[in-house]
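Architecture and fold: a report
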Amino acid sequence: MAAATASFTFSRLVSSATKTSVSVLPTNHRSLTFSSSFSPINIKNLRSRRPHHHPLKYSTAPLITATVSVGDKLPDATLSYFDSDGELQTTTISDLTKSKKTILFAVPGAFTPTCSQKHLPGFVEKSGELKAKGVDTIACISVNDAFVMKAWKSDLKIGDEVVLLSDGNGDFTKAIGCELDLSDKPVGLGVRSRRYAMLVEDGVVKVLNLEEGGAFTSSGAEDMLKAL
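Read on for an overview of the structure. (Residues numbered from 1 in each chain as written. Predicted model: local features only at pLDDT ≥ 70, side-chain atom pairs only at ≥ 80, totals over all residues. Heavy atoms only, no water.)

**Looking at helix 4 (residues 113-125)**
The first and last C-alpha atoms of helix 4 sit 17 Å apart over 13 residues, in line with the 18 Å expected at 1.5 Å per residue. All of the buried residues along helix 4 are Cys115, Ser116, His119, Leu120, Gly122, Phe123 and Val124. (Helix = DSSP H or I, 4+ residues; strand = E, 2+ residues; numbered from the N terminus. Expected span 1.5 Å × (residues − 1). Buried < 20%, exposed > 50% of the residue type's maximum accessible area, 1.4 Å probe, protein only.)

Below is the structure:
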């Protein structure tokens, strides 16, 4: 009987407790409402909103390019010059290089500082050493007319060490892809040739040192001596 009474009393206590609601929240609280239409976060969309960080790319491709390259046969073109008697002459790339070892180097312009003070004088000074290593002809090419090239040669007191050739219309320069557009410069140079030096054997390019624009870092006489 005592056990039955205790069981009944415990049941009433439990029932009473379940019917009594005790709130620990403030009276002015707002109930949280959860919508049944709630959908999980789309991770893919979040990823698409993140800023795109592109990895740095370092190209190993050379920045300096031209139509002609080592191993190519040079395109033919006609160039002009004044001989020692003051007579206007013409020659061709084929005449200069066929069955010969020839150095052709180009300058952006006659009478310009680097060309007059370093590039051309360097080949004049080293012409003996270059020819001792088997070079038959050394020629300087510029997109200037033949009269300017003649005056430049006279001004620098150059003899027969180097032939100064006029590519007046830029035909050869364009054919090998070495144009240098200086039209935006205030001195009025227009389209000239990029600076380069090449070793040509029987019309085929064996060495090509092409400069960026008018820079002078690898196309000098000393560089060609090292390449021979």
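**Describing the nonpolar core**
Core analysis: the biggest nonpolar cluster contains 23 residues, and Phe105, Leu120, Phe123, Trp152 and Val162 have the highest contact counts within it. Sorting the residues of this core by element identifies strand 3 (101-107), helix 4, strand 4 (137-142), helix 6 (146-155), strand 8 (196-201) and helix 8 (221-227) as the ones contributing at least two each. The biggest single contributor to this core is helix 4, with four residues. Core analysis: the next-biggest nonpolar cluster, separate from the first, contains 20 residues, Val68, Ile93, Ala106 and Leu210 among them. (Core = buried A, V, L, I, M, F, W, Y, C linked by side-chain atoms within 4.5 Å.)

**Observations concerning the environment of Glu125**
When you line up the elements, Glu125 lands in helix 4. Spatially, the C-alpha atoms of Glu125 and Ala221 are 8.5 Å apart, while their sequence positions differ by 96 residues.

**Description of the pattern of salt bridges**
Enumeration according to the criterion identifies two salt bridges in this entry. The salt bridge involving Glu129 is made with Lys126; its shortest N-O contact spans 3.4 Å. On the accessibility criterion, Lys126 (15% relative accessible area) is buried. The structure contains a network of salt bridges with shared partners spanning Lys126, Glu129 and Glu222. (Salt bridge = Lys/Arg side-chain N within 4 Å of Asp/Glu carboxyl O.)

**Structural notes on the packing of aromatic side chains**
Within this structure, the stated rule accounts for three aromatic pairs. With 5.1 Å between their ring centres and 55° between their planes, Phe82 and Phe147 make a pair best called tilted. With Phe82 in strand 1 (residues 78-82) and Phe147 in helix 6, the pair connects residues that are 65 residues apart, well separated along the chain. Relative accessible area serves as the criterion here: at 60%, Phe147 is assigned to the exposed category. For the pair Phe111 and Trp152, a centre-to-centre distance of 6.5 Å together with 45° between the ring planes defines the contact as tilted. (Phe/Tyr/Trp six-rings, centres within 6.5 Å; stacked < 30°, edge-to-face > 60°.)

**Considering the pairing of strand 6 (residues 179-182)**
Going residue by residue along strand 6, you find Leu180 and Leu182 tucked away on one face and Glu179 and Asp181 left uncovered on the opposite face. As paired strands, strand 6 and strand 7 (residues 190-193) are joined by four bridges and run antiparallel to one another. Paired with Leu182 across the strands is Gly190, a residue of strand 7. (Pairing = 2+ DSSP bridges.)

**Thoughts on the layout of surface pockets**
For the largest pocket, the calculated volume is near 370 Å³. Lining the largest pocket are 24 residues; nearest its centre among them are Tyr81, Phe82, Asp83, Lys153 and Val163. Listed by contribution, the elements that provide at least two residues to the lining of the largest pocket are strand 1, strand 4, helix 6 and strand 5 (163-166). With five residues, helix 6 is the single largest residue contributor to the lining of the largest pocket. (1 Å grid on protein atoms, 1.4 Å probe; cavity = no way out; pocket = protein on both sides within 12 Å on 5 of 7 lines; lining within 4 Å. Points joined across faces, edges and corners; volume = space filled by probe spheres on them.)

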